[in-house]
Amino acid sequence: MNWPLYVTPAHIVRLYDRFEALDKEKTGHLRPQDFGAINRLAMNPIGDRIIGAFFSPGQETVDFHSFVRILAHFRPADKKHPKDPSMPEPVNSRTSKLKFAFQLYDQDKDGKISRAELLQVLRSMLEMQVTEEQLESIADRTIQEADLDKDDAISFEEFRKSLEKVNIDHKMSIRFLR
Amino acid sequence: MSVRVALHSPTGSRSFLERGLLLLVMLIFLEGTVLTLGAASSPDISAQDNTGGGHDRRDDHRGIAGSHEHTNYTYTKKAFPVLSLDYHHIQVPFEISLWVLLASLMKLGFHLIPRLSSIVPESCLLIVVGLLVGGLIKLAGEEVPPVLDSNLFFLCLLPPIILDAGYFLPIRPFMENIGTILMFAVVGTLWNAFFVGGLLYAVCQIEGTYLSQVELLPCLLFGSIISAVDPVAVLAVFEEIHINELLHILVFGESLLNDAVTVVLYHLFEEYSGAGEVTPTDVILGVICFLIVSLGGIAVGAIYGILAAFTSRFTSHTRVIEPLFVFVYSYMAYLSAEMFHLSGIMALIACGAVMRPYVEANISHKSHTTVKYFLKMWSSVSETLIFIFLGVATVAGPHAWNWTFVSVTVILCLVSRVIGVVGLTFIINKFRIVKLTTKDQFIVAYGGLRGAIAFSLGYLLDKDLFPMRTMFLTAIITEIFFTVFVQGMTIKPLVDLLAVKKKQEAKRSINEEIHTQFLDHLLTGIEDICGHYGHHHWKDKLNRFNKKYIKKCLIAGERYKEPQLIAFYHKMEFKQAIELVESGGGVKLPSAMPSQVSMQNIQPKKLPPAVAERALPQFTKGREEEIRKILRSNLQKTRQRLRSYNRHTLVADPFEDGWNDFLLKKQRMIELEKKMTEMSNYLTVPAAPPDSPTMCRARLASGDDFKAEKAGAKVIPDPNAFYNIKASSDGVPTIQVDLASPQSPDSVNMLNEFSKRGATDQGLGQREGATRDEDQGLMMKLSSAGKEEKEEGGNKNPGLMRCLSDPGPSNEDEEDEPFLP
């Protein structure tokens, strides 16, 4: 709750409008069904994971603050604000973004992407167009490439390392939250 | 001259350097003399024969000979000419070939001299060569041929380069930065044109420069000609400095897209230079014209691209002419656009970019390689020729040197470029997520090279309308020389000095691919949640539309269903296999290894036990593909050895007619097994369907009665391998490949187990298709089982020969890009 979100008032207004639009029953909270009502999200192969990311474990609803907090991950990183080591990691830094993405893979929250979890993601992304062997082959290859400590799973550090060439800031930012 | 050169050469490689330089000089002399000969003979002919053409002359001869026969008995009969020289008959193609040869030999020569090519960019050297050749021709007293004729340039020399650029354009970075690129291309070029043109006019009006007859409009026209960044020059220089992708695509994209602006401005000012003034209506018309030119060009290109993609859908039976469609459709797109005075360059880019994903999915692997190599070859030759011709044209053209004009031009160009880039970046950075730093801006500004397009446009000017044409040309040439020589030579050290981020050489890993796709989906989802129709939303929509409708129409067979990720994965595996084979010449087995060491025993030495548990491989289509690809590439190495085998000694493969295929495959299998041990990463071994060559081989080797059918056939005792088959309980055979003969010390016995062949029909069909393909003619298509059989049936050996000359894909980043962003 104490994280500086670097979200401007204009953003908050926009997001609140959206929050209200999604909250059809005007309860002040969002439930999974509200997210599910977004048509395009239903078509998204990892839509359910994304929805799940909004809800903290055990919680059934999302209030506006959490809503904004999750979405604040996708702000472009501020290069102007100097990194203050005493402050906690800003929520839209590269590491936080990667952590968010990592948690989407790691459903059981054990800090590693196991082979089974990777297979699940691949299966949902490839939408049944490939055979099981192909999926397993790809999963094997993926883990082999990334797995540096040879524990047959991808830890966060390995995940981060495998994406070091990708411009995460660019890839995981939504323009309107500038 | 050669002596002087020898004195300067470094002691280390003295003789080689000497030789290289000697070769160069001799070549220049040779070409120069032949060309002067050519130039000498043509005026003779044209002088003699006013009706023109050697053809007529020959007719004349014949006519005369005929009349000889008829009317004269008094002429002595000439001796029958046993050997005669008729140069003008072949003159034009001969000279063209000579120029091309000169260009190619120059390219060869430069790379023989190692130091030179690292200091001086190739383009500079080529211009110098052109200057030399032009000088030689002039020395010989002949008139230098107008080689950089605008028609030749725009219709023959430029299209290959642009097509090469457009076909291999990295779409994703291009589209991501399209806003920036367009800003630089359109606004930047406009700014440059007006700034340079306007200030030049102001300078011309100053008393004492004797330039007051230069009007405003010609000045603006000159400004528009000189302000366009040239794609040829940019490509030539940037290719060698390897800066990071972002900067490369910015400058390069700008150079491509500013063609529309240049075309419009050029025509606008040219039209109205006669009239002497431009009214506001004209300006509005100009804007509309710009939109039409650019969008029309793109539309024309896209139409031809779709046509090409559609045509390629049906080429599965005539693979040989597949590359032709790519080239012809693209060229026609260019010509059609030029016909309407639309932007030919943009048409070509659009055509290449649109057709590529679909064509690549349809054409065979070899056709793809053909297309790639032809494009690279043509564009390379074109580029070389352009620079040489620039040199020649410099020597040739009438020059009107005016110190003020020329120097002001050069200075103004530089200044306006810098101001333009800085100003535009300031505005652009407000909209960009990844901002452009000062270093980036410097490179973008400094990399704005001018080239032959400017010269050709200047050359096109009408002499009567523009009396100062020669002065313009001189200024243009000076500017080109300045940018190419000064900026081209210094940009590399500057890049190093400023520590600009270089291009990342490593290829995309499958992790990156998967995660970026994942992130794409994630961002699309988040955008949907926010209700924001952003970048990802539209990209996703385009992808869906593409998948649903377009791919079905334009991609042959079942391949349209293949997801991008799978295609990428296969490509990657293939590349890795090729690399492995090409790099690993020998088997790196520890020599102390006893024979019959099983794969499972080897593994724990290299990998932790946890992984060794996975030593029992699983078979996937991907692995199978990979193995086949390794095998295919091995053909290149084993072919020489196999030539000596007598075809009668081969066992017939009942499923194919190629007798020597069998032995080839045996060899491949051996090589494969050797490579497998090197591949410590990979534990999976492919499954082979029962009627694959693997199984055939196995069955045959195990003593099937097929052997007996072919009378007189004898199996060559293969000391290195034999195959056994064990049928497992669920009907899936296992193959035990035993590389050991008892005497060979380094051998590996691998136990491969086939997993359940629970393949879907599609998978099975794909595998079959792939199998057949590999044997038939090494095509990489994964589907349409059996289709390829028919066409390759007749010419097995030529097919093999053709495929063997395929050097295989090189490590290029474009290959790694997914087809659609």
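Per an unreviewed UniProt entry, chain B is named Sodium/hydrogen exchanger, and its organism is Oncorhynchus tshawytscha. Quoted straight from UniProt, the Subcellular location (unreviewed entry) entry for chain B says "Basolateral cell membrane". What the UniProt record of chain B gives under Sequence similarities (unreviewed entry) is the line "Belongs to the monovalent cation:proton antiporter 1 (CPA1) transporter (TC 2.A.36) family."

Under an unreviewed UniProt entry, the name given to chain A is EF-hand domain-containing protein, and the organism recorded is Oncorhynchus tshawytscha. In its Sequence similarities (unreviewed entry) section, UniProt records this for chain A: "Belongs to the calcineurin regulatory subunit family. CHP subfamily."

**Regarding the overall build of chain A**
For chain A, the helix and strand inventory stands at 10 helices and two strands. The order of α-helices and β-strands along chain A, N terminus first, is α-α-α-α-α-α-β-α-α-β-α-α. In chain A, which comprises 178 residues, the share counted as buried stands at 48%. Sequence separation of 24 or more characterises 60% of the internal contacts of chain A that already satisfy a separation of 6 or more. Roughly 8600 Å² of accessible area belongs to chain A as shown, and the carbon and sulfur atoms make up 55% of that amount.

**Some words on the packing of aromatic side chains**
Residue and element names in this part refer to chain A. As enumerated under the stated definition, the model contains 28 aromatic pairs over all chains in all. Considering the side-chain rings of Tyr16 and Phe19, the 6.3 Å spacing of their centres and the 20 degrees angle between planes classify their relative orientation as stacked. Linking Tyr16 with Phe19, this pair stays in helix H1 (residues 9–22), spanning three residues, or about one helical turn. We classify Tyr16 as partly exposed; its relative accessible area is 38%. For Phe19, a relative accessible area of 2% corresponds to the buried category.

**Observations regarding the confidence of the model for chain B**
All names here are of chain B. On average, chain B scores 70 in pLDDT, and the residues at 70 or more come to 61%. Mean pLDDT values over the elements of chain B span from 37, in helix H31 (residues 787–793), up to 92, in helix H14 (residues 322–339). Note that pLDDT drops below 50 for residues 1–13; the model gives that stretch eight contacts with residues more than four away or on any other chain. Counting interchain partners and residues more than four positions distant, the pLDDT-below-50 stretch residues 586–618 has 57 contacts.

**Remarks on the interface of chain B and chain A**
The interface of chain B with chain A comprises 63 residues on the first partner and 60 residues on the second. Together chain B and chain A conceal approximately 5800 Å² of surface at their shared face, both sides included; 62% is due to carbon and sulfur atoms. Together, Ile433(B), Phe518(B) and Ile529(B) form the three largest contributors to the area buried by chain B at its contact with chain A, with a combined 15%. Summed over the shared surface of chain B and chain A, the number is zero salt bridges. Our enumeration of links across chain B and chain A arrives at six residue pairs in polar contact (both at pLDDT 80 or more). Elements with a minimum of two residues in the side of chain B that touches chain A: helix H8 (171–176), helix H21 (510–530), helix H22 (535–554), helix H23 (564–583) and helix H26 (621–642) of chain B. Taken together, the residues of the side of chain B that touches chain A sort by class into 21 nonpolar, 22 polar and 20 charged.

**Observations regarding the pattern of salt bridges**
Inspection of the entire model under this criterion finds 16 salt bridges over all chains. The salt bridge partner of Asp151(A) is Lys112(A), with a shortest N-O separation of 2.9 Å. Of this pair, Asp151(A) sits in the loop between helix H8 (132–146) and strand E2 (153–155) while Lys112(A) sits in strand E1 (residues 112–114), and the two are 39 residues apart along the sequence. Arg417(B) is the partner of Glu254(B) in a salt bridge, and the nearest nitrogen-oxygen pair spans 2.9 Å. With Glu254(B) in helix H12 (residues 245–275) and Arg417(B) in helix H17 (residues 403–428), this residue pair connects regions lying 163 residues apart in the sequence. Of the two residues examined, Glu254(B) and Arg417(B), each falls in the buried class. Overlapping salt bridges, with partners in common, bring together Arg115(A), Glu136(A) and Asp140(A) in one network.

**Re the UniProt feature "domain: EF-hand" (unreviewed entry) in chain A**
Mapped onto the present numbering, the UniProt feature "domain: EF-hand" (unreviewed entry) falls on residues 93–128 and 134–169 of chain A. Between the C-alpha atoms that bound residues 134–169 of chain A the distance is 31 Å, and the span itself is 61% helix and 8% strand.

**A word on the nonpolar core**
All names here are of chain B. By size, the foremost hydrophobic cluster in this structure holds 136 residues, and its most contacted members are Trp99, Phe153, Leu158, Ile388 and Phe455. Of the residues forming this core, the biggest block, 14 residues, is contributed by H12. Contacts of Ile388, omitting those with residues within four sequence positions, involve Trp99, Leu102, Ala103, Met106, Leu126, Val129 and Gly130.

**Here we look at the side chain of Ser162(A)**
Along the chain, the position of Ser162(A) falls in helix H9 (residues 156–162). Separated by 2.9 Å, the side chain of Ser162(A) and the backbone oxygen of Phe159(A) make a polar contact.

**Here we look at the environment of Val495(B)**
All names here are of chain B. Structurally, the position occupied by Val495 is in helix H20 (residues 469–497). C-alpha of Val495 to C-alpha of Ile443: the two residues are 52 residues apart in sequence and 7.8 Å apart in space. Every residue in contact with Val495, bar those within four places of it in the chain, is listed here: Ile241, Ile243, Ile443, Val500 and Lys502.

**Focus on helix H4 (residues 47–54) of chain A**
Looking at H4(A), one finds that the buried residues are Gly47(A), Arg49(A), Ile50(A), Ile51(A) and Phe54(A). Tucked inside the fold, the buried residues of H4(A) contact helix H2 (32–36), helix H3 (39–43), helix H5 (64–72), helix H6 (94–105) and helix H7 (115–126) of chain A together with H21 of chain B.

**Some thoughts on unusual backbone geometry**
All names here are of chain A. In the Ramachandran plot, Lys109 falls in the positive-phi region, its phi being about 60 degrees despite a non-glycine side chain. If you trace the backbone, Lys109 turns up in the loop between H6 and E1. One non-glycine residue, Lys150, lies in positive phi territory at about 55 degrees. Note on placement: Lys150 falls in the loop between H8 and E2.

The rules behind the values
Residues numbered from 1 in each chain as written. Chains lettered and ligands numbered in written order. Predicted model: local features only at pLDDT ≥ 70, side-chain atom pairs only at ≥ 80, totals over all residues. Heavy atoms only, no water. UniProt positions renumbered as here; feature names shortened; annotations may be inferred. Helix = DSSP H or I, 4+ residues; strand = E, 2+ residues; numbered from the N terminus. Buried < 20%, exposed > 50% of the residue type's maximum accessible area, 1.4 Å probe, protein only. Contact = heavy atoms within 4.5 Å. Areas by Shrake-Rupley, 256 points an atom, 1.4 Å probe, with all protein chains shown as cover. Phe/Tyr/Trp six-rings, centres within 6.5 Å; stacked < 30°, edge-to-face > 60°. pLDDT = per-residue confidence, 0-100. Buried area = accessible area lost by both parts, 1.4 Å probe. Salt bridge = Lys/Arg side-chain N within 4 Å of Asp/Glu carboxyl O. Polar contact = N/O pair within 3.5 Å; in protein donor to acceptor, adjacent residues only side chain to side chain. Nonpolar A, V, L, I, M, F, W, Y, C, P; charged D, E, K, R; others polar. Core = buried A, V, L, I, M, F, W, Y, C linked by side-chain atoms within 4.5 Å.

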